[in-house]
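Here is what each chain is made of, one letter per residue.
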Amino acid sequence: MADITDIKSILYTEKTLGLQEDGVIVVQTAPRMTKTGLKEVFREYFGIIPSKINSLNQNGKVKMFRGKKGKQNDFKKFYVTLPEGAQIESLAV
């Protein structure tokens, strides 16, 4: 069962802030999270049933750390479309 702790963060970039105006929230989660699990979390903790959810697996970048090659963690991104007129006050910028 999905839990609120599986949500790592809400992404705030120029692109995502533009999407928020259209009612789309971008959520970064653990790779094991599923669409139905995220829908349950939104229903249970925020009281909103998303109208649409799109998912994206994001591979971590390979970078140099102190002269050694390393890899950042993989994560999963969800584009959550909220119903018309619905807003989550705690996530608003």
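Residue indices begin from 1 for each chain and proceed along its sequence in written order. Totals for whole chains, interfaces and linings use every residue, but because this is a predicted model, local features are given only for residues with pLDDT of at least 70 and side-chain atom pairs only at 80 or more, for both listing and counting. With hydrogens and water stripped out, all remaining heavy atoms of the structure feed into the side-chain values.

Trainee: How should unusual backbone geometry be read in this particular structure?
Mentor: Non-glycine residue R66 carries a positive phi angle of around 55 degrees. Helix and strand definitions follow DSSP, with helices as H or I runs of at least four residues and strands as E runs of at least two, each counted in order from the N terminus. Looking at the secondary structure, you find R66 in the loop between β4 (62-65) and β5 (68-71).

Trainee: Sorry, what's going on with the pairing of strand β6 (residues 75-81) here?
Mentor: Where burial is concerned, most of β6 is hidden: six out of the seven residues are buried. Here, a strand pair is defined by DSSP locating no fewer than two bridges between the strands. Direction of pairing for strand β3 (residues 52-58) relative to β6: antiparallel, over a ladder of seven bridges. Opposite N54, over in β6, you have Y79 as the bridge partner. Only protein chains enter the accessibility calculation, which uses a 1.4 Å probe; a residue whose area is less than 20% of its type maximum is buried, one above 50% is exposed, and one in between is partly exposed.

Trainee: Help me understand the side chain of T29 in this model?
Mentor: Checked against the element boundaries, T29 lands in strand β2 (residues 24-29). By definition in these notes, contact holds between two residues if any of their heavy atoms fall within 4.5 Å. Apart from residues lying up to four places away in sequence, T29 is in contact with D6, I7, K8, L38, F75, K76 and F78.

Trainee: Even after reading the chapter, I still don't get the sheet that holds β3, so can you show me in this structure?
Mentor: Whenever strands of a sheet pair, they do so through backbone hydrogen bonds, lying parallel or antiparallel. With antiparallel pairing, four strands are arranged side by side in an open sheet as β1-β2-β6-β3. Among the strands making up the open sheet, the edge pair consists of β1 (7-10) and β3. Taken pair by pair, the neighbouring strands of this sheet meet at an average axis angle of 25 degrees, ignoring direction. Of the strands in this sheet, β1, β2 and β6 are in contact with helix α1 (residues 14-21), which crosses β2 at around 135 degrees. Sheet contacts for helix α2 (residues 35-46): β1, β2, β3 and β6; angle to β3, the most-contacted strand, approximately 125 degrees. For helices, the axis comes from a line fit to the C-alpha atoms of the stretch in contact; other axes are also lines fit to C-alpha atoms, and the angle between any two N-to-C directions lies between 0 and 180 degrees.

Trainee: Quick question: what am I supposed to make of the pattern of salt bridges here?
Mentor: Close approach of charged atoms allows side chains with opposite charge to pair. When a carboxyl oxygen of Asp or Glu is within 4 Å of a side-chain nitrogen of Lys or Arg, the pair counts as a salt bridge. The full count for this structure, using the stated rule, is two salt bridges. Between D6 and R32 there is a salt bridge, with the nearest N and O atoms lying 2.6 Å from each other. Placement of D6 in the segment before β1 and of R32 in the loop between β2 and α2 is noted, with a sequence separation of 26 residues between them. For D6, a relative accessible area of 9% gives the class buried.

Geometric values such as these leave the question of function open.
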